[in-house]
2 protein chains.
Amino acid sequence: MAGRIQPLRFEPVQTVRAYQRIVEQIEDALARGDLAPGQRLPSERELVTQFAVSRSTVREALRVLESNGVVRSRPGDPNGPEILPFSQGPLRKQMTRLARVDELTLSELIAFRMIMDGAAIQLASRLRTDEQLAEMEQTLVAMREAIDIDFAAFSEADVAFHEAVARVSRNSLLQTCNEVVRGVVLSLISDKIAHATNSRALMLESLQHHAEVVEAIRAGDGHAAARLARQNLYDYYATYVPEPDRDPLRALIDD
Amino acid sequence: MAGRIQPLRFEPVQTVRAYQRIVEQIEDALARGDLAPGQRLPSERELVTQFAVSRSTVREALRVLESNGVVRSRPGDPNGPEILPFSQGPLRKQMTRLARVDELTLSELIAFRMIMDGAAIQLASRLRTDEQLAEMEQTLVAMREAIDIDFAAFSEADVAFHEAVARVSRNSLLQTCNEVVRGVVLSLISDKIAHATNSRALMLESLQHHAEVVEAIRAGDGHAAARLARQNLYDYYATYVPEPDRDPLRALIDD
DNA sequence: GAGACGCAACTGGTCTGACCAGTGGACTAG
DNA sequence: CTAGTCCACTGGTCAGACCAGTTGCGTCTC
């Protein structure tokens, strides 16, 4: 046995809860195909013996699975909990099965925002009524006023603008995705953006961009409006994205 | 006391589980602002007395909340469960907080697909390598062969094509959303589409459209490729959308 | 034989009470 | 003032019980 003795490296220990292990086992079985939608899980009491845990633990696991849209339990059902088809249940659950926000890069998130926001504005420029246009212009006024207060007020007014656009686009899914991703992006870069020195200049520039977008919406030029919106997002966020990741963002602009 | 006696209408009764009520109360408090991220929930035993239920029930509620990314419990923490900031935890959970798939119209879902797919293809036409282009063309060949088998095989090959595109677009969020929404759309119209009589003609037409998209990708014309992709989706699905809801879909095409 | 009845055996939902391994603060001995 | 102990808490798990439903089967009546 030659060779130097390797410096002993221990992995950090993390305790995994029993119910979490059960969730994993069942989700794995589903991923492997050993379990298919429409099938039934064994009853809770049967799972107790199979997993060799108490019924409380089994039930906590089932609650997690149910919350994820994987299974559904009904009282008095002589069969066990039902495995749901992939597409049922709340949408978010479906998303989580595949994507975790912490696995996403900032570039992906911003690209997504550019797509969503651009599409919402394109839709808005076609579908808007005159009242809705006036509403959007009103939010621009509010943004101008907010600049003289502080950045938080401006940010709030900005959100109001985007919400108005999303309403006009008549697509709640679009709206939801946009809001969620905006929240994630902001939380990722908030520490950096807070230290921006020339924030007043930034706000004025941003307002100018928004006004251009609204002008394009008024003209009914959805293409130009969407392009402006994407450009604005790029200008606003690109500095936080490392250079090699900016290619997809640029690809979204110059169409 | 005049007036006819109204025909008595009773609401269908649905039993709500105790733990579900707890989840609602806590989520409501969070929505109202009575509870904010960073704050701590009372300990489990304290919640037992406040909600007047057993600890099992409290714990099942906490498991649901934890699975939704709302709170996190740590053993031995002298404070109660921690309320997480909005942007943490799995993304799907965030989505589910806002959007339920059963509240969405088919039009919204298809519009979303048109946006996502168009964007993915636009990105792909800019970012693709020659190998990836060859890969996509290979999936076209597979689609052509699948037509001679049956509709399920064709559908599978179609999925493979879109997955290839999504990979090239280098955006897992885009990919995930697209997959989820495609699944939902298919489950909504699968019963209708299965009865299509001239399915072979449809498949050939779809293949032709895909080929055109790939051709545009090869040419690097992202705009044309995206437009074609949206048009294809519209042609494919619009018949299932009631006429008044088609406006947003058309607005997405003629840019 | 056919149908109504009732019982027994299940299901999931809830409760009670207990034990354990951690954590953190208060208290105490040096 | 520090080091050590101790204790009161936390969440995680367990065992066993009861209830209200549902299902199915056997029985009992017509």
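Now for a look at the structure at hand.

What counts and how
Residues numbered from 1 in each chain as written. Chains lettered and ligands numbered in written order. Predicted model: local features only at pLDDT ≥ 70, side-chain atom pairs only at ≥ 80, totals over all residues. Heavy atoms only, no water. Helix = DSSP H or I, 4+ residues; strand = E, 2+ residues; numbered from the N terminus. Buried < 20%, exposed > 50% of the residue type's maximum accessible area, 1.4 Å probe, protein only. Contact = heavy atoms within 4.5 Å. Areas by Shrake-Rupley, 256 points an atom, 1.4 Å probe, with all protein chains shown as cover. 1 Å grid on protein atoms, 1.4 Å probe; cavity = no way out; pocket = protein on both sides within 12 Å on 5 of 7 lines; lining within 4 Å. Points joined across faces, edges and corners; volume = space filled by probe spheres on them. Nonpolar A, V, L, I, M, F, W, Y, C, P; charged D, E, K, R; others polar. Lys, Arg positive; Asp, Glu negative; His and termini not counted. Salt bridge = Lys/Arg side-chain N within 4 Å of Asp/Glu carboxyl O. Core = buried A, V, L, I, M, F, W, Y, C linked by side-chain atoms within 4.5 Å. Phe/Tyr/Trp six-rings, centres within 6.5 Å; stacked < 30°, edge-to-face > 60°. Near = heavy atom within 4 Å. Polar contact = N/O pair within 3.5 Å; in protein donor to acceptor, adjacent residues only side chain to side chain.

Observations regarding the overall build of chain A
Secondary structure assignment for chain A yields eleven helices and two strands. Starting at the N terminus and walking to the C terminus, you meet the elements of chain A as α-α-α-β-β-α-α-α-α-α-α-α-α. Per-residue burial for chain A yields a buried fraction of 47% across its 255 residues. Looking at chain A alone, contacts between residues at least 24 apart form 68% of all its contacts between residues at least 6 apart. About 12,800 Å² of surface is accessible on chain A, with carbon and sulfur atoms providing 52% of the total.

Looking at the environment of R63 of chain B
Residues and elements named next belong to chain B. Summarising the element assignment, R63 is placed in helix α3 (residues 55-67). We classify R63 as buried; its relative accessible area is 3%. With 40 residues separating them along the chain, R63 and V23 place their C-alpha atoms 9.5 Å apart.

Quick look at empty space enclosed by the protein
All names here are of chain B. In the structure shown here, the tally under the stated rule is three cavities of 30 Å³ or more. Looking at the second largest cavity, its volume works out to about 70 Å³. Lining the second largest cavity are D117, A120, H162, E163, V165, A166, Q175, N178, E179 and R182. Of all elements in the fold, only α5 (106-127), α7 (151-168) and α8 (172-193) reach the threshold of two or more residues within the lining of the second largest cavity. Here the lining of the second largest cavity is composed, by residue class, of three nonpolar, three polar and four charged.

Describing the side chain of R182 of chain A
Residues and elements named next belong to chain A. Position of R182 among the secondary structure elements: in helix α8 (residues 172-193). No salt bridge is formed by the buried R182; the nearest opposite charge belongs to D158, separated by 5.1 Å. If sequence neighbours within four positions are ignored, R182 has contacts with R113, V159 and H162.

Quick look at the nonpolar core
In terms of nonpolar packing, the biggest core is built from 108 residues, with F112 and M116 of chain A together with F112 and M116 of chain B touching the most fellow members. Every residue in contact with F112 of chain A, bar those within four places of it in the chain, is listed here: C177 and V181 of chain A together with M116, N171, L173, L174 and C177 of chain B. Residues Y19, V23, I26 and A29 of chain B belong to the second largest nonpolar core, which totals 19 residues.

Some thoughts on the packing of aromatic side chains
For the structure shown, the criterion picks out two aromatic pairs over all chains. A ring pair is formed by Y236 of chain A and Y237 of chain A, whose centres lie 5.2 Å apart and whose planes are at 80°; its orientation type is edge-to-face.

Focus: the protein's contact with DNA strand C
In the region of DNA strand C, 25 residues are neighbours, and S43 and R55 of chain A together with R17, A18 and T57 of chain B sit closest. Close to the protein, within 4 Å, the atoms of DNA strand C are drawn from sugar and phosphate at a rate of 65%. In this structure, G76 of chain B approaches DNA strand C through a main-chain N or O atom, which is 3.5 Å from a sugar or linking oxygen. Of all elements in the fold, only α2 (44-51) and α3 (55-67) of chain A together with α1 (18-32) and α3 of chain B reach the threshold of two or more residues within the surface near DNA strand C.

Notes on the protein's contact with DNA strand D
Close to DNA strand D lie 26 residues; R17, A18 and T57 of chain A together with S43 and R55 of chain B are nearest. Sugar plus phosphate, as a fraction of atoms of DNA strand D within 4 Å of the protein: 67%. The contact in question runs from a phosphate oxygen of DNA strand D to an N or O atom on the backbone of A18 of chain A, over 2.3 Å. For DNA strand D, a base nitrogen lies 2.7 Å from a polar atom in the side chain of R55 of chain B. Every element with two or more residues in the surface near DNA strand D is listed here: α1 (18-32) and α3 of chain A together with α2 (44-51) and α3 of chain B. Broken down by class, the residue content of the surface near DNA strand D amounts to eight nonpolar, eight polar and ten charged.

Brief notes about unusual backbone geometry
A positive phi angle, near 55°, is found at R170 of chain A, a position not held by glycine. Mapped onto the fold, R170 of chain A is located in the loop between α7 (151-168) and α8. Located in the positive-phi region is A52 of chain B, a residue other than glycine, with phi close to 60°. When you line up the elements, A52 of chain B lands in the loop between α2 and α3. Taking relative accessible area as the criterion, A52 of chain B reaches 65% and is therefore assigned exposed.

Let's talk about the pattern of salt bridges
In total, this model carries 36 salt bridges over all chains according to the counting rule given. As a salt-bridge pair, R113 of chain A and D117 of chain A come within 3.7 Å of each other at their nearest N and O atoms. Here D117 of chain A and R113 of chain A lie together in helix α5 (residues 106-127), a separation of four residues that amounts to about one turn. Of the two residues, R113 of chain A and D117 of chain A, neither departs from the other in class, the shared state being buried. Measuring nitrogen to oxygen at the nearest pair gives 3.0 Å for the salt bridge that ties D130 of chain B to R128 of chain B.

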